[in-house]
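Read off the chains here:
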Amino acid sequence: MGEHLVAIPIEEAMIKFIFAKSQIEAIDLIDILKMDVQPKDENNPENFSAPNDRLELFNKVIPEIIEEWTYKERRDFVKLCTGFDAIPFVIPKEESDDSNAFKITIEFNEIEEKSPDDLPIFHTCDNVMKIPFSAYEGNKQVFLSKLQISIDCVGIGGFDMG
């Protein structure tokens, strides 16, 4: 399982799933997204920062897409990224504590990128969607088409596909 459930009491884990949000609202999904940048050369500050294409895709394009999606499409996206059909309920230890909050990471990865046209890759154990470092140049239609190809190739059934 992902980091968000490691070493927590079984009762707390059960509460997270019993009270999970199965009808995923756009704002709830957008709230749990976080951005991560994995450049080949971390010593190059220009490469390490998030250039405009990545910021555009993360801050504008992805939220627009999520707002346009139906409940089913949002649920399917969460399942692709996490393996779950819902967003688990999280009880913060303290009001300002975000460290145990459930997150889906959108990772712009140059280390594993073979081509700027690579498809998004999903890692359910870590709640990650990896996309090319180029971020499809921030283009909404290109990202949507790559995402759809990825969905069509893998499906959304996860390990229980039959």
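The structure we're discussing is the one just above.
What follows is about the overall build of the protein chain. Across its full length, the protein chain carries 6 helices and 4 strands. Counting helices and strands in the order they occur from the N terminus, the protein chain gives α-α-β-α-α-α-β-β-β-α. Buried positions account for 39% of the 162 residues belonging to the protein chain. A separation threshold of at least 6 residues defines the contact pool for the protein chain, and within that pool the share at least 24 residues apart is 65%. Accessible surface computed for the protein chain: about 9,600 Å², of which carbon and sulfur atoms make up 54%.

All right, on to the nonpolar core then. Grouped together as the largest cluster of nonpolar side chains are 32 residues, with contacts concentrated most on F77, I104, I106, M129 and F143. The set of elements that each furnish at least two residues to this core consists of α2 (26–31), β1 (33–38), α4 (52–68), α5 (71–82), β2 (104–109), β4 (128–132) and α6 (140–154).

The next thing to look at is α5. When the terminal C-alpha atoms of α5 are compared, their 16 Å separation across 12 residues agrees well with the 16 Å that a helix rising 1.5 Å per residue should span. Listing the buried residues of α5 in full gives R74, D76, F77, V78, K79, L80, C81 and T82. With its phi angle positive at about 85 degrees, G83 sits one or two positions after the end of α5.

Enumeration over the complete set of coordinates arrives at 3 aromatic pairs. Measuring from centroid to centroid gives 6.3 Å for F84 and F102, while their planes differ by 45 degrees, and the two rings are tilted. Here F84, found in the loop between α5 and β2, pairs with F102, found in the loop between α5 and β2; they are 18 residues apart in sequence, far enough to count as distant. Relative to F143, the ring of Y136 has its centre 6.1 Å away and its plane inclined at 40 degrees; by these criteria the two rings are tilted. Owing to a relative accessible area of 2%, F143 belongs among the buried residues under this scheme.

Right, let's talk about α4 for a bit. Relative to the 24 Å expected for 17 residues at 1.5 Å per residue, α4 spans 23 Å between its end C-alpha atoms, a close match to the ideal helical length. Approximately 35 degrees is the largest bend angle found in α4, and it occurs at F58. Regarding α4, the residues found buried are R54, L57, F58, V61, I62, P63, I65 and I66.

Among the 6 residues in β2, 6 count as buried, and that is most of the element. The side-chain alternation of β2 yields two buried faces, one formed by I104, I106 and F108 and the other by T105, E107 and N109. As defined by bridge partners, β2 adjoins β4 across 5 bridges and the pair is classed as parallel. Pairing of E107 across the sheet is with K130, part of β4.

For Y136, which is not a glycine, the phi torsion comes out positive at approximately 50 degrees. Structurally, Y136 is set in the loop between β4 and α6. A positive phi angle is found at E137, which is not glycine, with a value near 55 degrees. Checked against the element boundaries, E137 lands in the loop between β4 and α6. With a relative accessible area of 63%, E137 lands in the exposed category.

What counts, and at which threshold
Residues numbered from 1 in each chain as written. Predicted model: local features only at pLDDT ≥ 70, side-chain atom pairs only at ≥ 80, totals over all residues. Heavy atoms only, no water. Helix = DSSP H or I, 4+ residues; strand = E, 2+ residues; numbered from the N terminus. Buried < 20%, exposed > 50% of the residue type's maximum accessible area, 1.4 Å probe, protein only. Contact = heavy atoms within 4.5 Å. Areas by Shrake-Rupley, 256 points an atom, 1.4 Å probe, with all protein chains shown as cover. Core = buried A, V, L, I, M, F, W, Y, C linked by side-chain atoms within 4.5 Å. Expected span 1.5 Å × (residues − 1). Phe/Tyr/Trp six-rings, centres within 6.5 Å; stacked < 30°, edge-to-face > 60°. Bend = angle between axes of the 7 residues up to and from the residue. Pairing = 2+ DSSP bridges.

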